[in-house]
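Fold and geometry: a report
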Amino acid sequence: MSPEFIAISMFVVLIVFLFMGHPLAFVLGGVGVIFGLITQGWNFFGMVMTRIYGTMDNFVLVAITLFILMGNFLTMSGVADGLFKALRVLFGPIRGGVGMAVIVVCIIFAACTGIIGASVVTMGLLAAPFLLRYGYSKELTVGLVAAGGSLGILIPPSIMLVMMADQTGQSAGKLLMAGVFPGILLGVLYIIYIAITCWINPKMGPAIPREELEKIPVSRRLIDAIKYALPPLALIFTVLGTIFFGVATPTEAAGVGSAAAFLMILIYGRFQWKNFKDTIFSTARTVTMVMIILIGATTFTGVFLTQGGGKAIVDAILGLGLGRWGTYWMMQIIYIILGCFIDWIGIVMITFPIFLPIAKALGFDTLWFTAMLAINLQLSFLTPPFGYALFYLSGMGLEGIQLRHIYRGVVPFLILQFIGVVICTYVPSLVLWLPNAMIGK
Amino acid sequence: MISKRWVSLAQKIDRINDFCGKVFSWIIVPLTVLIVFEVITRRVFGAPTIWTFEMSNFLFGGHFMLVAAYGLLYKAHVRIDLFVMRGSKKTQEILDLICYFSLFFPFIIVILFHGIVYAIESWSTWETSWSTWGPPLYPSKTVIPITAFLLLIQGISEVIKKIIFLKTGEEL
């Protein structure tokens, strides 16, 4: 059997099994083992043990565990509730103001957490009922909560960027910094969109009635905003600042961030033993979910790479004659299509061994290219039928919200996300300026 | 009568992994404390320790590996069920059983066997790390076969539960 044939059949078998509903980690590992046994024999897997141990003995990946813990502690601290309440009245007087407040809270929360589940669920439970009560359209409500909540995984700390750095052998700190401005850019695009649509059509998102606002004096509004904004901002500075200034590695920053988030639980008086225990358990389940996929994937790629088959597919794609940018946009479109069906970890594990060599051959900057794929994956959280943010929202059973509202609501935000991809493609300094300005490289 | 024995086996396995998972979940606490300790000693007092770096890797690896079976028990592992969701519960379980036998068990058995070989090699030479601290590596390497064993028995429990569902329509 030729290596090309084996490489392609590995992918075909992988895709077929992937959609059978079995955990991704074991599908990757299992397909790797079957092909490894056929082509290399039993003893080959001694080498796979070294790869698995390499995944366990990896200080950069420790950041994933700790960022997940930090995000869960932060959710437990309830700081997002307070922040949203404060910003709601602050932004309330303008049309669409509450919606904009949600996006601002999402950006701040995203800069404190590395996963999307936490932010989408928090904002869905917290903000969506308010938006609906103030008369926001159902579509706009779910759309902005889904899009805003998904920023959690792009704006650092981000487990996605740490994992991508590990897969491509880049500095995790630099890649984390590369996610800052694109994430903020998307947030700003959302805010502009909300402002314009609500200004044109106040029925989409009216201002808070004056009578309600007058109950809260302006000074009170400002004090509340500061009280709830300062601790998370301090946390952001501790975590991202130390990485930026080279004081700490992402892993160390994540550890300190977890401790700081735990302090916030104590400060806001939210500590309860039972909740704490549940947080530790649910953190373990999320961590193992992410990390065992890496174990399965390292088995798969271990077999795949010995076939030299990756090269066959890379050559085939380069041979299509689409040119540099044609190939680039083709890869972006493949990401959007995959994002409709597969979750981000799966997409990264399957495509990186092929896409990264292509990008290198075409002379694209690896840091920028990896960040572009990360930005693109924002769409994958919102694209039906398989989008995490959609799952979380429909699972919450919000009053009067049906699946069709969710599907229709995310469309404008998907367009905005794509605009974000286009902007960052043609203005690469948005991605690269911050990592290049970093002090600790 | 036979099916009752299988049910009790599945329940026993579930209890074992529930217990192990809940115990090993706590590894994250010393891990966090250790990292904070390292930052304080190194960045604040300028006196780095030689052992925290490797120690945190041991804790990290042990944490996510040893709770893997617990994750399987609570269906924490991501699956792409968007197409199979359209089929009946029965079809889903049959497809999943096919995956268990053609992918899950081959994968886990390979890891279990080679993991045991890998760990035995390490124990037989009392392998230590090359660093200044030079900690023993065999405990950490033994984590691989233990993880594979816990996953193997959890896989058996999941398969039992699926087969019982297919036969009797009851969910355990």
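To start, this report covers the structure provided alongside it. (Residues numbered from 1 in each chain as written. Chains lettered and ligands numbered in written order. Predicted model: local features only at pLDDT ≥ 70, side-chain atom pairs only at ≥ 80, totals over all residues. Heavy atoms only, no water.)

Turning our eyes to something else, we now look at the overall build of chain B. When helices and strands are counted, chain B shows six helices and zero strands. Each helix and strand of chain B, ordered N terminal to C terminal, gives the series α-α-α-α-α-α. In terms of overall dimensions, chain B is more spread out than a globule: its C-alpha atoms have a radius of gyration of 20 Å, far above the 16 Å expected for 172 residues. For chain B, the C-alpha atoms occupy an extent of roughly 65 × 35 × 30 Å along the three principal directions. Considering only residue pairs separated by 6 or more positions, chain B has 73% of its internal contacts joining residues 24 or more positions apart. (Helix = DSSP H or I, 4+ residues; strand = E, 2+ residues; numbered from the N terminus. Rg over C-alpha atoms; globule rule 2.2 N^0.38 Å. Contact = heavy atoms within 4.5 Å.)

A few words on the overall build of chain A. Counting its secondary structure elements, chain A contains 23 helices and zero strands. Over its C-alpha atoms chain A spans a radius of gyration of 22 Å, differing by no more than 12% from the 22 Å that the globule rule assigns to 441 residues. Projected onto the principal axes, the alpha-carbon positions of chain A cover approximately 75 × 45 × 40 Å. Pairs at least 24 residues apart make up 81% of the contacts formed inside chain A by residues separated by at least 6 positions. When the accessible surface of chain A is totalled, it reaches about 15300 Å², and 69% of it is carbon and sulfur. The average position of the 23 basic charges and that of the 15 acidic charges among the side chains of chain A differ by 7 Å. (Areas by Shrake-Rupley, 256 points an atom, 1.4 Å probe, with all protein chains shown as cover. Lys, Arg positive; Asp, Glu negative; His and termini not counted. Charge placed at Lys NZ, Arg CZ, Asp CG, Glu CD.)

The next thing to look at is the environment of Arg15(B). Residue and element names in this part refer to chain B. The residue Arg15 is located in helix α1 (residues 2–24) in this model. Judged by its relative accessible area of 56%, Arg15 falls in the exposed class. In this structure the C-alpha to C-alpha distance between Arg15 and Trp130, which are 115 residues apart in sequence, comes to 39 Å. (Buried < 20%, exposed > 50% of the residue type's maximum accessible area, 1.4 Å probe, protein only.)

With that settled, the discussion passes to the nonpolar core. Residues and elements named next belong to chain A. Ranked by internal contacts, the top residues of the largest apolar core, which has 228 residues, are Met164, Trp344 and Phe369. For this core, the leading source of residues is helix α16 (residues 273–306), giving 16 residues. Apart from the residues lying within four places of it in its own chain, the contact partners of Phe369 are Tyr328, Met331, Phe355, Leu356, Ala359 and Phe364. (Core = buried A, V, L, I, M, F, W, Y, C linked by side-chain atoms within 4.5 Å.)

The subject of this paragraph is the pattern of salt bridges. The final tally for this structure, using the stated rule, is 14 salt bridges over all chains. With its nearest N and O atoms 3.1 Å apart, the salt bridge here joins Arg408(A) to Glu139(A). With Arg408(A) in helix α22 (residues 403–426) and Glu139(A) in helix α9 (residues 138–150), this pair connects stretches of sequence that are 269 residues apart. Residue Glu139(A) is classed as partly exposed on the basis of its relative accessible area of 21%. By sharing partners, the salt bridges in this structure join Arg79(B), Lys89(B), Glu93(B), Asp96(B) and Lys162(B) into a single network. (Salt bridge = Lys/Arg side-chain N within 4 Å of Asp/Glu carboxyl O.)

Okay, the packing of aromatic side chains next. Residue and element names in this part refer to chain A. Applying the stated criterion across every chain, the model contains 51 aromatic pairs over all chains. An angle of 65° between the planes, with centres 6.3 Å apart, marks the rings of Tyr328 and Phe369 as edge-to-face. Taken together, the residues span a long stretch of sequence, with Tyr328 in helix α18 (residues 323–341) and Phe369 in helix α20 (residues 366–382) at a distance of 41 residues. Since its relative accessible area comes to 0%, Tyr328 is described here as buried. A network of ring pairs unites the aromatic residues Trp325, Tyr328, Trp329, Phe364, Trp368, Phe369, Phe418 and Tyr426 as a single cluster. Taking NZ or CZ as reference, Arg88 lies 4.0 Å from the ring centre of Phe130, over its face. (Phe/Tyr/Trp six-rings, centres within 6.5 Å; stacked < 30°, edge-to-face > 60°. Lys NZ or Arg CZ within 6 Å of the ring centre and 35° of its normal.)

Turning to unusual backbone geometry, a few remarks are in order. Here Pro156(A) and Pro157(A) are connected by a cis peptide whose omega angle stands at -5°. Relative to the assigned elements, Pro157(A) resides in the loop between α9 and α10 (159–168). Phi is positive for Lys75(B), close to 55°, though the residue is something other than glycine. Accessibility expressed as a relative area gives 52% for Lys75(B), which makes it exposed. For Trp126(B), which is not glycine, the phi torsion reads 45° and is therefore positive. Looking at the secondary structure, you find Trp126(B) in the loop between α5 (89–124) and α6 (138–168).

The accessible area lost on association of the parts is a frequent measure of interface size. Facing the 66 residues of chain A at the interface are 60 residues of chain B. Sorting the residues of chain A by area buried against chain B places Phe26(A), Tyr53(A) and Met56(A) first, and these three jointly supply 14% of that buried surface. Applying the counting criterion to the chain A and chain B interface returns one salt bridge. Between Glu252(A) and Arg42(B) there is a salt bridge whose closest N-O contact spans 2.0 Å. (Buried area = accessible area lost by both parts, 1.4 Å probe.)

Next up on the list: the state of the cysteines. Applying the stated criterion across every chain, the model contains zero disulfides over all chains. As a non-bridged cysteine, Cys112(A) has Cys106(A) as the owner of its nearest cysteine sulfur, 12 Å distant. (Disulfide = S-S within 2.5 Å.)

What follows covers the packing of helix α3 (residues 45–56) of chain A against α16(A). For any two helices packed against each other, the geometry is given by the interaxial angle and the distance between the axes. All names here are of chain A. Between α3 and α16, whose axes approach to 9 Å, the crossing angle comes to 140°. As judged from the angle between their axes, α3 and α16 are oblique. α16 is crossed by α3, and the crossing has right-handed handedness. Here Phe45, Met47, Val48, Arg51, Ile52 and Thr55 of α3 lie close against α16, whose contacting residues are Met291, Leu294, Ile295, Thr298, Thr299, Thr301, Gly302, Val303 and Thr306. Grouping the constituent residues of the contact of α3 with α16 by class yields eight nonpolar, six polar and one charged. (Axes fitted to C-alpha atoms, helices over the stretch in contact; angles between N-to-C directions. Parallel < 35°, antiparallel > 145°, perpendicular 65-115°, else oblique. Left-handed = near helix turned anticlockwise from the far one by under 90°. Nonpolar A, V, L, I, M, F, W, Y, C, P; charged D, E, K, R; others polar.)

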